[in-house]
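Residues per chain are reported as follows:
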Amino acid sequence: MFPKPKPLLVPNTYAYESEPMVKATGFREYDARWLFGKEINLMGIQALGMGLGALIAELGQKQEIVTGHDFRGYSASIKYALMTGLMAAGCKVHDIGLAVTPMAYFAQFDLDVPCVAMVTASHNDNGWTGVKMGASKPLTFGPDEMTRLKEIVLNAEFKNKAGGSYQFHENYPARYIADLTNRPKLKRKLKVVVACGNGTAGAFAPQVMEAIGCEVIPLDTDLDHTFPKYNPNPEDMEMLHAIRDAVLEHKADVGLGFDGDGDRCGVVDNTGEEIFADKVGVMLARDMSAVHKDATFVVDVKSTGLFVTDPVLQKQNAKTSYWKTGHSYMKRRTNELKALAGFEKSGHFFFNAPVGRGYDDGLVSAIAICEMMDRAPGKTMADLKEALPKTWSSPTMSPHCADETKYGVVAAVVKHFEDAQKKGDKVAGQSIRDLVTVNGVRVTCEDGSWGLVRASSNKPELVVVVESPVSEARMHDMFEAMNVVLRTHPEVGAYNQTI
């Protein structure tokens, strides 16, 4: 028997070293995240492994799994505790060693292994750990699997048995890099800043970009799990400003920034300006739909309305489906619709054949961006960006709202706008053209201005985003229209930032 996990144990005690600790809140909608030592201990990680092994069997999948770990001071020890639990549950474990998350996804295909458990804190600060899991390539777990996993682990419903085993795959990154670079070299000589924030991608990204024909300017590519400069997150301004400075100093064609586990890629153009990931998605959709007729794309509800209104995409008969925010939801929807690609505003991009295998990989995204530039030899990255119709977009704005109440608030906001549409009420002075309610509510007015309210998947917050293709003033009008409704709910607190 293995002890039932406790929600809290005090470090530096007998109990802490003798019992599993697993805080329930670490089980998120589509992956797991904990503060290591404070919210989960090594025995707790072992319990997670046993629970995952039991769930895999329950799902009717073969108990065979790929594991890898990101570059943190504690990630290897966490992976070994997880593997101990997986093997106790009867799993055959394929260990690929230090890896970016998409390398583990690739290994599922390359080694013909159905399941994956990647130990990574992604772009979270040091102190965090977590596991991205899946049991049906190229998909990762969604809420149903995560809820069941939580039940199994917290109630110690383990089904341990003999038969588990371990195999280490030596020099595995070489196979991943060979797969990425087995393509014609770029015709255009591109000078590219490759920024990794001293995170895991630094071990692989520079040589991949060089192998496809880029001149690489490395920026913080030495591995250092103290992250001495800044957290490796291409949405953070510190990292973006460092990329900007390097692009301008070296007169580079583009700057590419990779997050801590290498499944996202941020973009800075040749003038040093950041291009938000949803606008990069529109640029890629233009490029790809010119090559592949009648292309379908999936985009998350936080993304720009240009995917529907852009005249180039319309002319090329590209179709777009808006879907729930979250890498697992987006991956699943892109797979279900057999879309050419899925684009999430956070920078998770999902390319199906012929570009990718359906999972998010920052290096596949980087290669797609370089190939787009290769097909536009007379244009700079800034030119391609400026060719898009102008829109005024807000950053993601997050008012505080407790986890216990946020979904109820969002349900009330959805009903408010559904009722408004039925009655013909105006929003920001205009009729409602469209409502998308797959993930909160996205309200689009007659002139294409839109506002979104949804619940955050992993924080006690709401998410508010607004955009207008007309003017900055109309963007502010949409924010005011969203905010007026939110302010009728006293549970909604202050914003982290506003426009």
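Above: the structure in question.
What you are looking at is a predicted structure, and each value in this text was computed from that prediction instead of being measured.

## Side note on a nonpolar patch on the surface
Here's step 1: Together, Y80, Y166 and F168 make up an exposed nonpolar region whose accessible area comes to about 320 Å².
Here's step 2: One can find F168 in strand 6 (residues 165–168).

## So, helix 3 (residues 75–88)
Here's step 1: A rise of 1.5 Å per residue sets the reference length of helix 3, with its 14 residues, at 20 Å; its end C-alpha atoms lie 20 Å apart and thus fit the reference within 8%.
Here's step 2: Residues of helix 3 that are buried: S75, I78, K79, A81, L82, M83, G85 and L86.
Here's step 3: Those residues of helix 3 that are buried lie in contact with helix 2 (42–58), strand 2 (64–69), strand 3 (92–98), strand 4 (115–119), strand 5 (128–134) and strand 6.
Here's step 4: Looking at the residues trailing helix 3, positive phi occurs at G90, about 100 degrees.

## Considerations on unusual backbone geometry
Here's step 1: Put simply, K137 and P138 share a cis peptide bond, and its omega is 5 degrees.
Here's step 2: With respect to the helices, strands and loops of the structure, P138 is situated in the loop between strand 5 and helix 5 (143–154).
Here's step 3: For the peptide bond that leads from A353 to P354, omega is 10 degrees, which places it in the cis range.
Here's step 4: Relative to the helices and strands, P354 is located in the loop between strand 15 (349–351) and helix 13 (362–374).
Here's step 5: In the Ramachandran plot, N171 falls in the positive-phi region, its phi being about 55 degrees despite a non-glycine side chain.
Here's step 6: For N171, the position within the fold is in the loop between strand 6 and helix 6 (172–181).
Here's step 7: What makes N171 exposed here is its relative accessible area of 58%.
Here's step 8: Positive phi is not limited to glycine here, since A428 has a value of about 50 degrees.

## Focus: the sheet that holds strand 13 (residues 319–323)
Here's step 1: One open sheet accounts for four strands, arranged 13-12-14-15; its pairing is mixed. Bordering the open sheet on either side are strand 13 and strand 15, each of which pairs with just one other strand. Sheet twist, expressed as the average angle between the axes of neighbouring strands with direction ignored, equals 15 degrees.
Here's step 2: Of the pairings in the sheet, the one linking strand 14 (residues 341–343) to strand 15 comprises three bridges and is antiparallel in character. Counted as the bridge partner of F343 is F349 from strand 15.
Here's step 3: Contacts between helix 9 (residues 277–291) and the sheet are confined to strand 12 (296–300), strand 14 and strand 15, with strand 15 contributing the most and set at about 20 degrees to the helix.
Here's step 4: Across the sheet, helix 12 (residues 327–336) touches strand 12, strand 13, strand 14 and strand 15, and the angle it forms with strand 12 is around 165 degrees.

## Overview of the packing of helix 9 against helix 13
Here's step 1: One way to put it is that helix 9 packs onto helix 13 with a least axis distance of 10 Å and a crossing angle of 55 degrees. By the criterion of interaxial angle, the relationship of helix 9 to helix 13 is oblique. For the element pair helix 9 and helix 13, the recorded crossing hand is left-handed. Two secondary-structure elements touch here, helix 9 through V280, M283, L284 and D287 and helix 13 through A368, I369 and M372.
Here's step 2: Residues that form the contact of helix 9 with helix 13 fall into these classes: six nonpolar, no polar and one charged.

## Some thoughts on the pattern of salt bridges
Here's step 1: A full pass over the atoms with the stated rule returns 31 salt bridges.
Here's step 2: Note that E157 is salt-bridged to R148, the shortest N-O span being 3.0 Å.
Here's step 3: Here E235 and R264 are joined by a salt bridge, their closest N and O atoms 3.4 Å apart. With E235 in the loop between strand 8 (215–219) and helix 8 (237–250) and R264 in the loop between strand 9 (254–258) and strand 10 (265–268), this residue pair connects regions lying 29 residues apart in the sequence.
Here's step 4: One salt-bridge network, held together by shared partners, links E58, R148, E151 and E157.

## Section: the nonpolar core
Here's step 1: If you look at the biggest cluster of nonpolar residues, it comprises 76 residues, and the most contacted ones within it are M209, L256, F258, L284 and F343.
Here's step 2: Contacts of L284, omitting those with residues within four sequence positions, involve F343, F349, F351, A368, I369 and M372.
Here's step 3: Membership of the second largest hydrophobic core comes to 36 residues, among which are F2, A47, M50 and L52.

## Section: the packing of aromatic side chains
Here's step 1: By the definition in use, this model includes 14 aromatic pairs.
Here's step 2: Measuring from ring centre to ring centre gives 5.6 Å for Y105 and Y359, while their planes differ by 55 degrees; the resulting arrangement is tilted. Linking Y105 in helix 4 (residues 101–110) with Y359 in the loop between strand 15 and helix 13, this pair joins segments that are 254 residues apart in sequence. Accessibility assignment for this pair places Y105 and Y359 in one class, buried.
Here's step 3: For the pair F349 and F351, a centre-to-centre distance of 6.4 Å together with 85 degrees between the ring planes defines the contact as edge-to-face. Each member of the pair F349 and F351 is classed as buried.

Cut-offs used in this document
Residues numbered from 1 in each chain as written. Predicted model: local features only at pLDDT ≥ 70, side-chain atom pairs only at ≥ 80, totals over all residues. Heavy atoms only, no water. Patch = residues over 30% accessible without salt bridge, like charges linked within 9 Å, V, L, I, M, F, W, Y side chains within 5 Å. Areas by Shrake-Rupley, 256 points an atom, 1.4 Å probe, with all protein chains shown as cover. Salt bridge = Lys/Arg side-chain N within 4 Å of Asp/Glu carboxyl O. Helix = DSSP H or I, 4+ residues; strand = E, 2+ residues; numbered from the N terminus. Expected span 1.5 Å × (residues − 1). Buried < 20%, exposed > 50% of the residue type's maximum accessible area, 1.4 Å probe, protein only. Contact = heavy atoms within 4.5 Å. Pairing = 2+ DSSP bridges. Axes fitted to C-alpha atoms, helices over the stretch in contact; angles between N-to-C directions. Parallel < 35°, antiparallel > 145°, perpendicular 65-115°, else oblique. Left-handed = near helix turned anticlockwise from the far one by under 90°. Nonpolar A, V, L, I, M, F, W, Y, C, P; charged D, E, K, R; others polar. Core = buried A, V, L, I, M, F, W, Y, C linked by side-chain atoms within 4.5 Å. Phe/Tyr/Trp six-rings, centres within 6.5 Å; stacked < 30°, edge-to-face > 60°.

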